[in-house]
Amino acid sequence: MDKNTLYVTDLDGTLLRSDATLSPYTISTINRLTEQGLAFTYATARSIESARPIAGELNLRLPAITRNGAVLADNATGKHLEKALFTEEEVALLKEMLPELPRCGFVSCFLGEEMFKAYVPGNLVPGMVQYADYYRDDPKMKPVKTLEEMFFGQPGYVTLIDDREKAAKIYEKVRQYPGWECIFQKDTYWDEYWVEVCPRNCTKAKAILKMKEQYGFRKVVAFGDSVNDMPMFRAADEAYAVSNALEALKEIATGVIGGNNEDAVARFLESRAAETEK
């Protein structure tokens, strides 16, 4: 394998199939290539706690980029290696700007090495009801009573879920502040839209460039499917969209590969490895 190239993939809609799983072929292929020297990791909006039950069988030698670049974590252990946090001033501003947060969102907060998702059960919008029900058995889902209590410990990520019109209004409001990063996109599996607010400089692209410099890679090859992959595509030397990706992402891609249900990323890596060996 070319050890000077870093390969980074999105998870949902890209490496994962439409049922949010990894195929045995993808797992075995990536693990075999990693053992042979492939420099590979994933970059996702998921937390490491959410990613590991799905991607934990991948034997990654590099940190996983989670929370859209806000947290670097060990895929094998779930340990948070680096994490970005909101300042006290930003926490106060988020509370002031988002009075609707208890109805339609949650806050990812750190207590030592553990991360909890604080939400206010009860009067939730349908999208948040669906999310809370999906994770009802997750011990890291922490019910609280008030907006104030949602920001406990060390807050590092805010997520809001609603229909497109309401989520768009929230996004337009929070994106006015230049001190943090904001993402607005449709959920990969459900009909709702998500607004995600991260600390400053926390994007997939910036995390990848930092990793490139830290490990001395000469080149980055990225894979993705959605709007939050655009900065990562622009930062990469090569960027490949899966066939099920947004058209806007395909337009800025180096090329379009197969779909996420066809093990497209793993097949690309296998093909690239074969070319390198020639």
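It should be emphasised that the depicted structure is a prediction, and the values quoted were computed from it without experimental measurement. (Residues numbered from 1 in each chain as written. Predicted model: local features only at pLDDT ≥ 70, side-chain atom pairs only at ≥ 80, totals over all residues. Heavy atoms only, no water.)

Draft legend 1. Looking closely at the nonpolar core. Within the largest apolar cluster, 59 residues are counted, with the highest numbers of intra-cluster contacts made by Phe40, Leu58, Phe223 and Leu269. The biggest single contributor to this core is helix α12 (residues 264–277), with 5 residues. Here Leu269 is in contact with Tyr7, Ile30, Leu33, Leu38, Phe40 and Phe223, once residues within four sequence places are set aside. Ranked by size, the runner-up nonpolar core spans 39 residues in total, among them Val144, Ala167, Tyr171 and Trp190. (Core = buried A, V, L, I, M, F, W, Y, C linked by side-chain atoms within 4.5 Å. Buried < 20%, exposed > 50% of the residue type's maximum accessible area, 1.4 Å probe, protein only. Helix = DSSP H or I, 4+ residues; strand = E, 2+ residues; numbered from the N terminus. Contact = heavy atoms within 4.5 Å.)

Draft legend 2. The sheet that holds strand β9 (residues 154–162), seen in detail. Sheet architecture is open: 6 strands sit in the order β8-β7-β6-β9-β11-β10, paired in mixed fashion. Here the strands that pair on one side only, and so sit at the sheet edges, are β8 (141–143) and β10 (180–186). The average undirected angle you get between the axes of adjacent strands in this sheet is 25 degrees. Sheet analysis places β9 next to strand β11 (residues 193–199), joined by 5 bridges and oriented antiparallel. (Pairing = 2+ DSSP bridges. Axes fitted to C-alpha atoms, helices over the stretch in contact; angles between N-to-C directions.)

Draft legend 3. Geometry of the packing of helix α2 (residues 24–35) against α12. α12 packs onto α2 with a crossing angle of 35 degrees between their chain directions and a minimal axis gap of 9 Å. The hand of the α2/α12 crossing is left-handed. Across the interface between the two elements, Tyr25, Thr26, Thr29, Ile30, Arg32 and Leu33 from α2 touch Ala266, Arg267, Leu269, Glu270 and Ala273 from α12. Residue classes in the contact of α2 with α12 are distributed as 6 nonpolar, 2 polar and 3 charged. (Left-handed = near helix turned anticlockwise from the far one by under 90°. Nonpolar A, V, L, I, M, F, W, Y, C, P; charged D, E, K, R; others polar.)

Draft legend 4. Unusual backbone geometry, seen in detail. A positive phi angle, near 55 degrees, is found at Asn68, a position not held by glycine. Following the sequence through the fold, Asn68 ends up in the loop between β3 (64–66) and β4 (71–73). Judged by its relative accessible area of 1%, Asn68 is buried. Even without a glycine there, the phi angle at Asn201 is positive, about 65 degrees. As for its placement among the helices and strands, Asn201 is situated in the loop between β11 and α9 (204–215).

Draft legend 5. Highlighting the side chain of Thr203. For Thr203, the location among the structural elements is in the loop between β11 and α9. Looking at Thr203, its side chain comes within polar contact range of the main-chain nitrogen of Lys206, at 3.1 Å. Among all residues touching Thr203, those that are not within four sequence positions of it are Asn68, Gly69 and Glu181. (Polar contact = N/O pair within 3.5 Å; in protein donor to acceptor, adjacent residues only side chain to side chain.)

Draft legend 6. Up close: the pattern of salt bridges. Scanning the model with the defined rule gives 19 salt bridges in all. The salt bridge involving Glu270 is made with Arg32; its shortest N-O contact spans 2.6 Å. Placement of the pair is Glu270 in helix α12 and Arg32 in helix α2, with a sequence separation of 238 residues. Classification of Glu270 as partly exposed rests on a relative accessible area of 29%. A salt bridge links Lys250 to Glu247, with the nearest nitrogen and oxygen atoms 3.3 Å apart. Taken together, the residues Lys250 and Glu247, both in helix α11 (residues 247–252) and 3 residues apart, mark about one turn of the helix. The network of salt bridges with shared partners includes Lys219, Glu238, Arg272 and Glu275. (Salt bridge = Lys/Arg side-chain N within 4 Å of Asp/Glu carboxyl O.)

Draft legend 7. Inspection of the sheet that holds β3 at higher detail. Spatial ordering of the open sheet is given by β3-β4-β5, a layout of 3 strands whose pairing is antiparallel. Strands with a single pairing partner mark the edges of an open sheet, and in this sheet they are β3 and β5 (80–83). Taken pair by pair, the neighbouring strands of this sheet meet at an average axis angle of 25 degrees, ignoring direction. Here 3 bridges tie β3 to β4, and the two strands are oriented antiparallel to one another. Along β4, the bridge assignment pairs Ile65 with Leu72.

Read these as layout, nothing more, since geometry by itself doesn't imply function.
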